[in-house]
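Here are the chains, one letter per residue:
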Amino acid sequence: MVSRLYVYRTDNKNPYQNLAVEEYLTLHTEPEECILYLWQNQHTVVIGKNQNCWKECKVNYLEEDGGNLVRRLSGGGAVYHDLGNLNFTFCVQKENYDLSRQMDVVLEAVQSFGIDAQKTGRNDITVNGRKFSGNAFYKSGNFCYHHGTLLVSADKEKMSKYLNVSREKLKSKGVDSVRSRVANLREFEESLTIDGLADALVKAFSKIYGVKAEKLPEQRMNQTEIAKKEKRFSSWEWKYGRNIPFQYQMEQRFSWGEAELQLEVAQGRILRANVFSDGMDQELFGEIQEALEGCEYSERALTETLYRCLKCAEENEMKRKSIEDICTMLREKL
């Protein structure tokens, strides 16, 4: 049971340091406590752990304009961050992870301004069907986080400039552009500010959990360890991922997200594989990638390999569905 609440808000706008702090807080959350981390990035595109950055983002435009590309630990899709956006993270140990309760904190905060916010789908919060908050999730052993965006007055022109959103994804949402799908909260309440929303989140945090939230003591932050994590997040290898001279590529959109496979094959076997996805399970696609490498390049061998992964995911319906769909794609495209 959660008996202690802490809030950590930073004025830092460096996305690599902010993600390092997020990971550090998550891995140092004590039993029976929940930490709410509030943060902002300036001029940044953040992609999911398993995404192909070159496909999801106009990287050259972003970097020419002085922007930052960041790869986070969680799954899900690409998002644009600027100072018109407030980010939140709930850090908690597994036994106290409660997505419904955590979402209620966000809803309570936004609704306190008279805005009719609703949770829709797996990971979005909307007003009148328009998205102002996307959420994603991460777990490592007994430690978990749930984080998301809150668009207050974000620059939607830049959002459209830097993000490549597939036509299939937009079509599945019933819209024809990124700008028409998303909304800033100021469109519904002109007086809303970042500071006002942050204060409302802290108040809602205490109300929903029934415990007064306190400021996280600064002495709990190990700056040396955070700096090491920041170095990893800002490295070329982490941001851009590996680039292989693939000969075979296949991709398809499913109900749970998109999947793209790139395969380098020699003498009938897969030497290297890339598996990209905006699916929410941050671990699954790395497991599939590892399983495919060394496998015989044939429909039978590949699907048999993936069905072995399926046996390990018997109790996880989302994993089962994802693996079954990828097997179907392989059968159809090989």
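Small disclaimer: the values here were computed from a predicted structure and weren't measured. (Residues numbered from 1 in each chain as written. Predicted model: local features only at pLDDT ≥ 70, side-chain atom pairs only at ≥ 80, totals over all residues. Heavy atoms only, no water.)

**Structural notes on the nonpolar core**
Defined as follows: We define the nonpolar core as a collection of buried residues of types Ala, Val, Leu, Ile, Met, Phe, Trp, Tyr and Cys that are connected through side-chain atoms lying within 4.5 Å of one another. We call a residue buried when its accessible area falls under 20% of the maximum for its residue type, exposed when it is over 50%, and partly exposed in between, using a 1.4 Å probe and counting protein chains only. Strands are runs of DSSP state E lasting at least 2 residues, helices are runs of H or I lasting at least 4, and numbering of each runs from the N terminus. Working rule for contacts: check all heavy atoms of both residues, and any pair within 4.5 Å makes them a contact.
Counting residues in hydrophobic clusters, the biggest one holds 49 residues, and the most contacted among them are Val45, Leu69, Phe132, Leu197, Leu201 and Phe205. In terms of residue count, the dominant contributor to this core is helix H8 (residues 194-209) (8 residues). Phe132 has contacts with Val110, Ala117, Ile125, Thr126, Val127, Thr149, Leu150, Leu151, Ala183 and Leu185, leaving out every residue within four places of it along the chain. Ile270, Leu292, Ile323 and Leu330 belong to the second-largest nonpolar core, a separate cluster that totals 25 residues.

**Structural notes on the pattern of salt bridges**
Opposite charge on two side chains permits them to pair, given that their charged atoms come into close proximity. Worth spelling out the cut-off: What counts as a salt bridge is simple: a side-chain nitrogen of Lys or Arg found within 4 Å of a carboxyl oxygen of Asp or Glu.
For the coordinates displayed, the defined rule picks out 21 salt bridges. Ionic pairing is found between Arg9 and Asp195, a salt bridge with its closest N-O pair at 2.8 Å. Of this pair, Arg9 sits in strand S1 (residues 4-9) while Asp195 sits in helix H8, and the two are 186 residues apart along the sequence. Overall, Arg9 belongs to the partly exposed group, its relative accessible area being 35%. We classify Asp195 as partly exposed; its relative accessible area is 46%. Across the salt bridge formed by Glu23 and Arg232, the nearest N and O atoms sit 2.9 Å from each other. Separated by 209 residues along the polypeptide, Glu23 in helix H1 (residues 15-27) and Arg232 in helix H9 (residues 223-233) bring together distant segments of the chain. By relative accessible area, which is 30% here, Arg232 ends up partly exposed. The network of salt bridges with shared partners includes Arg4, Glu33 and Arg220.

**Some details on the pairing of strand S3 (residues 44-47)**
This is how it is decided: At least two bridges found by DSSP between two strands is the condition for calling them paired.
The alternating pattern of S3 places Thr44 and Val46 and Val45 and Ile47 on opposite faces, both of which are buried. Relative to strand S4 (residues 68-71), S3 runs parallel, the two being bridged by 4 bridges. Within S4, the residue paired with Val45 across the bridge is Leu69. Sheet analysis places S3 next to strand S5 (residues 79-81), joined by 3 bridges and oriented antiparallel. Bridge pairing in S5 links Thr44 to His81.

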